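Structural features, examined
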Amino acid sequence: MGRVAELAGVTVRTLHHYDAIGLVRPSARTAKGYRAYSAEDVERLREVLAYRRLGLGLREIAELVGDASTDVVARLLQLRGLLLERRDRADAMVAALDRELEARGRGLTVTPEEQLEVLGGRLYDAIGGAYTATRRTEPRIATQILDALGDAQTVLNVGAGTGNYEPAGREVTAVEPSAVMRRQRPVGSAPCVAAVAESLPFEDDSFDAAMAVSTVHHWADPMAGLREMRRVARRVVVLTFDIDEPGWQDRFWLTRDYLPEFAGVLEGFPSLAGMADAIDARTESVPIPWDCADGLFEAYWRRPEAYLKEPVRRAMSVWTRVGPEAEQRAVRTLGEDLESGRWTERNGDLADLDAADLGLRLIVA
Ligand SMILES: C[S@@+](CC[C@H](N)C(=O)[O-])C[C@H]1O[C@@H](n2cnc3c(N)ncnc32)[C@H](O)[C@@H]1O
């Protein structure tokens, strides 16, 4: 018991208590006949302790781990979902605190109501709501995705978010780990499972096709996620971007001239060729129309003023990832260059283009 307590980082007293209330009972026996923890007991203890760390009460935990109707993988996925939700909430609080610090730094007053919002669900809603303000299906990109999906009738949408690009007239199942995003899915949209790409809770070949749009760069292990998509579906369609091209950081003026930190955000992100190879796929370029309806990072390449708007930036994860200092500097210098005419001097030729290739790619397997 002492060894298990040491490994698990709890006291022997805690283990005795769990034993006494029947939560985790050591069911094996040592050679000398003392009670000891079997592998299954340790598995159960690990689950109990993880739920404890999430702040759940012992009675609640007993119900969760005692539920014989769910197998261990299903329970681990549930636990994972809870942990991700916790992480999302912490991220949202950090972002809100950063904004409050910035406001205070500029000498602005922060109302008691705004301060309390940092802790509550309202703020969470506010931050999640930022996504739907500018992120919606761009019909021309959707057509390209639809073509790649072909005649697939059952479609899995991984990293589905609020449901953009989910094709109508097909049987869609969504996977989305963030509760903030799940909550914003419109009423009547496809059923959504709380899970991650890297461990899809479906049998092999469950779907005609699996799609993933603007999400792979958020995955902890993109290759594992792609292989999972391949496993559960006969066809795979992924919208992502290409960082194989030498000097890719310079193809978009925003990254080149104002936000070089963007390259750091993508450090470790696999190459397009590597991702395509992993699932035996081909790639095709996805031009971004000048009036792109989906407010993704590159969407406003011909509408630079948009990047000066806070709601536009809040719906792009890049800005949160580079941090407030880089964000403020980029916005300030872009604003100055727009005002002085320097931006137009450098990028005036873009006005003649209706669409631009800024590295967005479709991987189709
Ligand atoms: C930029 S949003 C894209 C949402 C939607 N596909 C769209 O095009 O509007 C990225 C989404 O990926 C989700 N995500 C992050 N990590 C993930 C993972 N490991 N597996 C699946 N989805 C993930 C995020 O929660 C978020 O909803």
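In the nomenclature of an unreviewed UniProt entry, the protein chain is known as MerR family transcriptional regulator of Streptomyces nigra.

With that out of the way, let us pick up the overall build of the protein chain. Secondary structure assignment for the protein chain yields 17 helices and eleven strands. With the principal axes as the frame, the protein chain shows a C-alpha extent of 85 × 55 × 40 Å. Counting over 365 residues, the protein chain shows a buried share of 30%. Relative to all contacts within the protein chain whose residues are 6 or more apart in sequence, the contacts with residues 24 or more apart total 65%.

With that settled, the discussion passes to unusual backbone geometry. A positive phi angle is found at Tyr 165, which is not glycine, with a value near 70 degrees. Of note in the backbone geometry, Ser 214 takes a positive phi value of approximately 50 degrees without being a glycine. Looking at the element boundaries, Ser 214 is found in the loop between β6 (207-213) and α10 (222-232). Here Ser 214 falls in the buried class, since 21 other C-beta atoms lie within 10 Å of it.

Of all residues adjacent to the ligand, which total 20 residues, the nearest are Gly 159, Gly 161, Asn 164, Ser 178 and Thr 215. Split into classes, the residues belonging to the shell around the ligand amount to ten nonpolar, seven polar and three charged.

Attention now goes to the confidence of the model for the protein chain. For the protein chain, the average pLDDT comes to 88, and 92% of its residues sit at 70 or higher. Contacts from residues 120-126, a stretch scored under 50 in pLDDT, to residues over four places away or in other chains number eight contacts.

On to the sheet that holds strand β4 (residues 171-175), then. Strand order in this open sheet of seven strands is β5-β4-β3-β6-β7-β11-β8, and the pairing throughout is mixed. Each edge of the open sheet carries a strand with a single partner, namely β5 (192-193) and β8 (282-285). Where β8 and strand β11 (residues 360-364) come together, four bridges link them in antiparallel fashion. Residue pairing for β11: Glu 284 is matched across the bridge by Leu 362. Across the sheet, α10 is in contact with β3 (154-158), β6 and β7 (233-241); its angle to β7 comes to roughly 150 degrees.

A few words now on the domain arrangement of the protein chain. Much of the literature gives interface size as the accessible area that the parts lose upon coming together. By domain assignment, the protein chain separates into domain 1 (2-65), domain 2 (72-131) and domain 3 (134-364). Here the C-alpha centre of domain 3 lies 43 Å away from the C-alpha centre of domain 1.

Most of β6 sits out of view: six of its seven residues are buried. Summarising the sheet, β3 and β6 pair through four bridges and their orientation is parallel. When the bridges of β6 are listed, Val 158 appears paired with Ala 212. Bridging between β6 and β7 involves six bridges; their strand directions are parallel. Its bridge partner being in β7, Met 211 is matched across the sheet by Val 237.

On to the environment of Arg 346, then. Assignment of secondary structure puts Arg 346 in helix α17 (residues 342-347). Here the alpha-carbon distance between Arg 346 and Glu 47, two residues 299 residues apart in the chain, equals 57 Å.

In this structure, Ala 210, Met 229 and Val 237 are the most contacted members of the largest nonpolar core, which totals 65 residues. What Ala 210 contacts, discounting residues up to four positions off in sequence, is Leu 156, Val 158, Met 229, Val 232, Ala 233 and Val 236. Leu 15, Tyr 18, Tyr 51 and Ile 61 belong to the second largest nonpolar core, which has eight residues in total.

What counts, and where the lines are drawn
- Residues numbered from 1 in each chain as written.
- Predicted model: local features only at pLDDT ≥ 70, side-chain atom pairs only at ≥ 80, totals over all residues.
- Helix = DSSP H or I, 4+ residues; strand = E, 2+ residues; numbered from the N terminus.
- Buried ≥ 20, exposed ≤ 12 C-beta atoms within 10 Å, placed from the backbone.
- Contact = placed C-beta atoms within 7 Å.
- Near = placed C-beta within 6 Å.
- Nonpolar A, V, L, I, M, F, W, Y, C, P; charged D, E, K, R; others polar.
- pLDDT = per-residue confidence, 0-100.
- Pairing = 2+ DSSP bridges.
- Axes fitted to C-alpha atoms, helices over the stretch in contact; angles between N-to-C directions.
- Domains from an automatic or database assignment.
- Core = buried A, V, L, I, M, F, W, Y, C linked by C-beta atoms within 7 Å.

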